[in-house]
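Summary of the model geometry
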Amino acid sequence: MLDWLKNINKPYPEFYKNYLSKFEKKSNRFVAISIETTGLNVEKDVILSFGCVAVINDNIIVGDAFEIAIPQYKYLHDNGITNDFIIESSIPKLAEPAAIEQLLEYLGNATLIGHRIHFDIEMLNEALSKLECGRIKNEALDIEVMHRKLLDITDKSFSLDELSTAYKIPKAERITASDDAYTIALLFLKLKSRLGISLE
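Residues numbered from 1 in each chain as written. Predicted model: local features only at pLDDT ≥ 70, side-chain atom pairs only at ≥ 80, totals over all residues. Heavy atoms only, no water.

1. Brief notes about the environment of S193
- For S193, the location among the structural elements is in helix α9 (residues 177-195).
- Considering only alpha carbons, one finds S193 and D58, 135 residues apart in sequence, at a separation of 9.2 Å. (Helix = DSSP H or I, 4+ residues; strand = E, 2+ residues; numbered from the N terminus.)

Structure (structure tokens):
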């Protein structure tokens, strides 16, 4: 029996079951995703915002994008942190459970693209566990890993700024997670072309 079908019979929330049901078929849709968090500790830190944009057939689909901020008032207050930008910005805001639900609806069965994507996925998995859901099922590609593969190196890390410089991506003033997601999408298209990867 397919994994998605086995999981769909578990007592998960309906939105997560709907998400699982989308994996019966493979998608040609890729989603560049960037997640802003309060830090790098998966268990203690929290998500502040998501930014996503779709890539289909070598094109960045600007109209197929997703952006949500999560005002984590209690976390910020308890840890003496302020994030006035998130709180005062015009980005749509939702409480974390509703934001996660909408994100999964947006992602569907797309392949995720990110910079150090496995951290993003672990943050999502931690948030999903609080909602008594299973884990993220999407396949994922990492632009930093793709870059290292292209150069045939394994012992060096590359920031998003360094990758942007290497591939001559214009340095816009990146403010939001969506700005980073768009940069990730541009880098992905350049890298997959140089690596000879087909999106079909």
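Once the structure has been displayed, the description carries forward.
2. Some remarks on unusual backbone geometry
- Of note, N57 is a non-glycine position whose phi angle comes to about 50°, a positive value.
- Position of N57 relative to the elements: it lies in the loop between β2 (47-56) and β3 (59-69).
- The partly exposed category is assigned to N57, whose relative accessible area is 47%.
- Even without glycine at this site, K168 takes up a positive phi of about 55°.
- Mapped onto the secondary structure, K168 falls in the loop between α8 (160-166) and α9.
- Under the relative-accessibility criterion, K168 is labelled exposed at 71%. (Buried < 20%, exposed > 50% of the residue type's maximum accessible area, 1.4 Å probe, protein only.)

3. Quick word on the pairing of β3
- Pairing between β2 and β3: 8 bridges, direction antiparallel. Across the sheet, residue A54 finds its bridge partner in β3, namely I61.
- Taking the residues between adjacent antiparallel strands as the criterion, β2 and β3 are bridged by 2 residues, where N57 takes a positive phi near 50°. (Pairing = 2+ DSSP bridges.)

4. Describing the nonpolar core
- Core analysis: the largest hydrophobic core is formed by 32 residues, its most contacted members being Y16, F50 and L124.
- Mapped onto this core, the elements with two or more residues apiece are α2 (14-21), β1 (29-37), β2, β3, α5 (96-107) and α6 (117-130).
- In this structure, F30, I60, I143 and L189 belong to the second largest nonpolar core, which totals 20 residues. (Core = buried A, V, L, I, M, F, W, Y, C linked by side-chain atoms within 4.5 Å.)

5. Side note on the sheet that holds β2
- The strand order β3-β2-β1-β4-β5 describes an open sheet built from 5 strands, whose pairing is mixed. In the strand order of this sheet, the two ends are held by β3 and β5 (140-142), each with one partner. Taking each pair of neighbouring strands and ignoring which way they run, the sheet shows an average axis angle of 25°.
- Direction of pairing for strand β4 (residues 111-114) relative to β5: parallel, over a ladder of 3 bridges. From the neighbouring strand, I113 faces β5, where its bridge partner is L141.
- Sheet strands touched by α6: β1, β2, β4 and β5. Its angle to β1, the strand with the most contacts, is close to 75°. (Axes fitted to C-alpha atoms, helices over the stretch in contact; angles between N-to-C directions. Contact = heavy atoms within 4.5 Å.)

6. Quick look at the packing of helix α7 (residues 143-151) against α9
- Two elements in contact, α7 and α9, have axes separated by 10 Å at closest approach and are oriented at 30°. One element, α7, and the other, α9, form an angle in the roughly parallel class. Of the two elements, α7 crosses α9, and the hand of that crossing is left-handed. Of the residues in α9, those touching α7 at I143, M146, H147, K149 and L150 are I184, L187, F188, L191, K192, R194 and L195.
- Split into classes, the residues belonging to the contact of α7 with α9 amount to 8 nonpolar, 1 polar and 3 charged. (Parallel < 35°, antiparallel > 145°, perpendicular 65-115°, else oblique. Left-handed = near helix turned anticlockwise from the far one by under 90°. Nonpolar A, V, L, I, M, F, W, Y, C, P; charged D, E, K, R; others polar.)

7. Observations regarding the pattern of salt bridges
- Evaluation of the coordinates by the stated rule reveals 8 salt bridges.
- We note a salt bridge from K192 to D58, for which the minimum N-O separation is 2.5 Å. One end of the pair, K192, is in helix α9; the other, D58, is in the loop between β2 and β3, and 134 residues separate them in sequence.
- In this structure, a network of salt bridges that share partners links the residues R116, E144 and R148. (Salt bridge = Lys/Arg side-chain N within 4 Å of Asp/Glu carboxyl O.)

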